[in-house]
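Examining the three-dimensional arrangement
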Amino acid sequence: MVEPGDRAVAGQRLGIPESLGLSTLEPGQRLPTTPPGRQVSIRVQLLDDVTEVFDISQRAPAKALFDLVCVHLNLAERDYFGLQYQNPRRMMVWLDLLKPTLKQIRRPKNTILRFVVKFFPPDHTQLLEELTRYLFALQIKHDLACGRLTCSDTSAALLVSHIVQSEIGDFDEVQSFQHLLHNKYMPNQDALMDKITEYHHKHVGQTPAQSDYQLLETARRLEMYGVRLHPAKDREGTKLSLAVSHIGLLVFQGHTKINAFNWSKVRKLSFKRKRFLIKLRPDLNQSAYQDTLEFVMASRDCCKIYWKICVEYHAFFRLFEEPKPKAKAVLFTRGSSFRFSGRTQKQVFDYVKDSAFQKVPFERKHSKKVSGSSLTAQDRKTSTVPQESVSVDQTDSPLRLTLQAPVDDPTVTDGHQAGPGGPEGQVLPSSTRHTEQQISGVISVSSDLSDSPLASPPVVVKGQKAFPFGPGQSLNGHQPSPINAHSSPLSSPLFTDAGYVRTDDEDEVRRKKFPTDKAYFIAKELLTTERTFQKDLAVITVSFQAVLGKQEVLPDSVRTLINTTYNPVYQFHQAFLKEVEQRLQQWEGRSNAHIKGDYQRVGDVMLKNIQGLKQLTSLLQRHGEVLVELERSCRASQRLEEVCREFEQRKVCYLSLNMFLLRPLHRLLHYKLILERLCKHYPPTHQDFRDSRAALADISEMVLQLQGTMMKMENIQKLLELKKDLTGIQDLVIPGREFIRLGCLSKLSGKGLQQRMFFLFSDSLVYTSRGMTADNQFKVHGQLPLYGMTIRESEDEWGVPHSFTLFGQRQSVVVAASCVSEMVKWMEDIRMAVALVEQSNRPTDLLFTSRSDRSKS
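The sections below set out a description of the structure shown in this document. (Residues numbered from 1 in each chain as written. Predicted model: local features only at pLDDT ≥ 70, side-chain atom pairs only at ≥ 80, totals over all residues. Heavy atoms only, no water.)

The next thing to look at is the overall build of the protein chain. Within the protein chain, the secondary structure is distributed over 25 helices and 26 strands. Looking at the protein chain as a whole, 47% of its 857 residues are labelled buried. In the protein chain, of all internal contacts separated by at least 6 residues, the share reaching a separation of at least 24 is 63%. Summed over its atoms, the accessible surface of the protein chain is roughly 43900 Å², and 51% of this surface lies on carbon and sulfur atoms. (Helix = DSSP H or I, 4+ residues; strand = E, 2+ residues; numbered from the N terminus. Buried < 20%, exposed > 50% of the residue type's maximum accessible area, 1.4 Å probe, protein only. Contact = heavy atoms within 4.5 Å. Areas by Shrake-Rupley, 256 points an atom, 1.4 Å probe, with all protein chains shown as cover.)

On to the packing of helix α4 (residues 130-145) against helix α8 (residues 208-219), then. At their nearest, the axes of α4 and α8 sit 9 Å apart, and the two run at 55° to each other. As far as their axial angle goes, α8 and α4 are oblique. In this structure, α4 crosses over α8, and the sense of that crossing is left-handed. Across the interface between the two elements, Glu130, Arg133, Tyr134, Phe136, Ala137 and Ile140 from α4 touch Ala209, Asp212, Leu215, Leu216 and Ala219 from α8. For the contact of α4 with α8, the per-class residue count stands at eight nonpolar, no polar and three charged. (Axes fitted to C-alpha atoms, helices over the stretch in contact; angles between N-to-C directions. Parallel < 35°, antiparallel > 145°, perpendicular 65-115°, else oblique. Left-handed = near helix turned anticlockwise from the far one by under 90°. Nonpolar A, V, L, I, M, F, W, Y, C, P; charged D, E, K, R; others polar.)

For an α-helix the count is 3.6 residues per turn, leaving residues at separations of three or four pointing the same way. With 12 residues, α8 should cover 16 Å at 1.5 Å per step; its first-to-last C-alpha distance of 16 Å lies within 8% of that length. Residues Pro208, Ser211, Asp212, Leu215, Leu216, Glu217, Thr218 and Ala219 constitute the buried set of α8. For α8, the elements touching its buried residues are α4 and α5 (153-168). (Expected span 1.5 Å × (residues − 1).)

This next bit is on the pattern of salt bridges. In the structure shown here, the tally under the stated rule is 39 salt bridges. Arg663 serves as the salt-bridge partner of Asp536, at 2.4 Å between the closest nitrogen and oxygen. Of this pair, Asp536 sits in helix α14 (residues 518-551) while Arg663 sits in helix α21 (residues 657-681), and the two are 127 residues apart along the sequence. For the salt bridge of Arg645 with Glu641, the shortest nitrogen-to-oxygen distance reads 3.9 Å. Taken together, the residues Arg645 and Glu641, both in helix α20 (residues 638-648) and four residues apart, mark about one turn of the helix. Of the residues examined, Arg645 reaches a relative accessible area of 31% and is grouped as partly exposed. One network of salt bridges, with partners in common, ties together Glu641, Arg645, Glu648, Glu721 and Lys724. (Salt bridge = Lys/Arg side-chain N within 4 Å of Asp/Glu carboxyl O.)

Okay, the environment of Leu836 next. Looking at the secondary structure, you find Leu836 in helix α25 (residues 820-840). Put simply, Leu836 and Leu786 are 50 residues apart on the chain and 9.5 Å apart in space, counted from C-alpha to C-alpha.

Grouped together as the largest cluster of nonpolar side chains are 99 residues, with contacts concentrated most on Val44, Leu65 and Phe115. For this core, the element with the most residues is helix α9 (residues 300-318), which contributes 11 residues. The residues touching Leu65, leaving out its near neighbours within four places in the chain, are Ile42, Val44, Phe54, Ile56, Leu83, Leu95, Thr101 and Leu113. Leu561, Trp587, Leu657 and Ala695 belong to the second-largest nonpolar core, a separate cluster that totals 82 residues. (Core = buried A, V, L, I, M, F, W, Y, C linked by side-chain atoms within 4.5 Å.)

Taking 1.5 Å of rise per residue, 25 residues should cover 36 Å, and α21 covers 36 Å from first to last C-alpha, within 8% of that figure. The largest bend along α21 measures about 45° and falls at Arg663, with the proline Pro664 one to four residues further on. (Bend = angle between axes of the 7 residues up to and from the residue.)

The next subject is the packing of aromatic side chains. Following the criterion strictly, the structure yields 23 aromatic pairs and no others. A centroid spacing of 5.6 Å and a plane angle of 70° characterise the contact between Phe81 and Phe136, whose relative ring orientation is edge-to-face. Taken together, the positions of Phe81 in strand β3 (residues 81-86) and Phe136 in helix α4 put the pair 55 residues apart, joining distant regions of the chain. Neither residue differs from the other here; Phe81 and Phe136 are each classed as buried. Linked through ring pairs, Phe66, Tyr80, Phe81, Phe115, Phe119, Phe120, Phe136, Tyr225, Tyr313, Phe316 and Phe317 together constitute an aromatic cluster. (Phe/Tyr/Trp six-rings, centres within 6.5 Å; stacked < 30°, edge-to-face > 60°.)

Take the sheet that holds strand β20 (residues 739-749) next. Sheet strands pair by backbone hydrogen bonding; their relative direction is either parallel or antiparallel. Here we have eight strands laid out as an open sheet, ordered β19-β23-β22-β21-β20-β26-β25-β24, and mixed in their pairing. Of all strands in the sheet, those bounded by a partner on one side alone are β19 (726-727) and β24 (790-793). Where strand β22 (residues 764-770) and strand β23 (residues 778-785) come together, seven bridges link them in antiparallel fashion. Across the sheet, Ser764 pairs through a bridge with Pro785, a residue of β23. (Pairing = 2+ DSSP bridges.)

With that settled, consider the sheet that holds β3. The sheet built from five strands is open, its strands ordered β2-β1-β5-β3-β4 with mixed pairing. The open sheet has two free edges, formed respectively by β2 (51-57) and β4 (92-94), since each of these has just one partner strand. The mean inter-strand angle of the sheet, taken between neighbouring strand axes irrespective of direction, is 40°. Pairing analysis gives four bridges linking β3 to strand β5 (residues 112-117), with the strands arranged antiparallel. Bridging from a neighbouring strand, Gly82 pairs with Val116 of β5. Against the sheet, helix α2 (residues 62-73) makes contact with β1 (39-45), β2, β3 and β5, and its axis sits at roughly 135° relative to β2, the strand it touches most.

Take the pairing of strand β7 (residues 239-244) next. In terms of residue burial, β7 counts as a mostly covered element, since five of its six residues are buried. Here four bridges tie strand β6 (residues 230-233) to β7, and the two strands are oriented antiparallel to one another. When the sheet's bridge partners are listed, His230 is paired in β7 with Leu242. A loop of five residues connects β6 with β7, the two strands running antiparallel in sequence, and Gly237 in this loop sits at a positive phi of about 90°. Across four bridges, the pairing between β7 and strand β8 (residues 248-253) is antiparallel. In the sheet register, Leu242 faces β8, and the bridge partner there is Val251. Count of turn residues in the β7/β8 antiparallel hairpin: three residues.

In structure tokens, the structure reads:
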């Protein structure tokens, strides 16, 4: 159990100060009062594999336990998560928050609940808190490790590379290899080591929060993302699996999705003994319509477990608010009384967005960096030195240890796999599940390695510095406590950094080999990102050109335009990269060049090459023309578009093709940021300050000149991406059209309020819904030209909160926003777009046509 004196220690795992006393409950609410009765200890395993013990009353509902866990984590978006346990029939079931905990868990001493993700949203941008995204990333990490999240080798390697980037930071060949050697993130990891390190090398400068974002962005596109399979059979006896997601019910054969039933098509879900029944709404477009689908599962309990999660998924993603409890029958009851309890996704989104919830910095497990910006000076001081921490709880119960390994030590495994419990029912947290040989191997490091990454740092026991365990000691409860144990020979000052005195020559060697000037690390960042940028340019100038040379589908004029605008830029950056590499070699003292002059600067190299880059401004201004002409050629030739899409599936093209065309202009912004950091770091008297400031002035002038071209290309890129996501619309990319914003509004129709995704362009407003396509595209339902449109609030007229009416030349639409601020923002943007289109005096309309008239050339 978590004693009062140890709660601060437990909270330090996520960096939560006890004194803040923060809660994520609704305003005016408090934790439920503990009902009278005996206190029971419940063990909960969190997503970072650490097991915490919570005390609740034996009569308390499960919601009280769930609230304790969420307050412990300081979690605001709690309703995406749930508590799961294994019932006596060895089936994983969700804890019902409305029922008492002990009525569901008969033997709490032998049960460990798991705090896991329950509802997977379609888009990770709907998660507003960084802590929530971090917990989702841990869930993806677990699913990948246990083989539940199946995908191609390329996708798996990309996922692991983002995980490694989040845990150890930028790519280092030795450190990355050792980290992957001692941590298993997927079943066939050894065969993909090269591919993982290749992707990891491309994530330079990516923070842990950005790595979580990219991890979720990659995972959400996978077919098995968030899928929990429930074995079943159809009427013919074919083995299938059923699942549920935000869009509806899914049917899998193996790990391949073969069918899906959208919530809008499902009329009723029920089960009778082992048969699970899906009743569908009539579909007039299908001749062979089947009203009821029947699946046979292993038992009635399996049907009920799947039926419950379907009910909860439907309520969480489709309803605006929590469903009200049904009135109890006086004499007879029919059916199940189970209902969804908790906030819906819309309520969670509105609560977190509108509430003044204070964000608390938290520490990521395995990560060198501490998330959040509100660290105190003392926190920043202590967070720079990763240490092992041991929490010793000496009560009447067996000895409990919580050991957290330092992130810099690649020899310590992260303990994903559950190990057996200790004696007398003792269960150690997952971070202590190492064999005695592994622990002693980490501790018994020779003194010659005291400066290497393999050296074991000191241990903090109740705030005092000591070394973990001497030879012959183990982690079980029968050994003496580390506090009362004899001092280990390793604790002698002769074998510690404090007792080791370096000579001046050794300090000089370390200074040359590992420069400590911040300008050096800025220059190192310039070098690594420049290497990546040159590879990106090679995608256009080498790889893409080679494909087009074989296919001969690109018009000669467009081919010449690409060659004349991108090849000179590629050749210039090749020379620039060589100069930067040579300067870094001189800076690090790898040659005798540092003896002849002072080369510990990079501003002069930047100034020289930016002045040369200014001569290519005319070519950079034509990059927008390349993007337009390439899109026009793809629209005219279906064969060329197929070649481009096939090229984007290749390993070398890890982004969309249009993003590579944008990279030269985006690179200028990166140069500007680097020079701003150099000028901020250097004092005015530094020899490199003048060159850095002159280079910053030149690059700022270039960015200002090319800002119009950059905005034009980014707008075209947005339109091209939207074109892929929208079905039933063509000719979206036309001159003069700009994308303004998108968002979810409720459209009032004869069926009531229906959620629609609205896309606002500079000349039209398009409303769509998520379609049942393989790419999960949006199906266009209609569009309103902005020319001549008027807008008016209509909450009093229709009785719908936050509603307003759009009066077009052909039709009028009543829509409702989720809050007042969103309604005001939408009305302001629409009025601004209407004013602009009327000033241009050019009414335009979108064309809903097919693609059959395109040439097959």
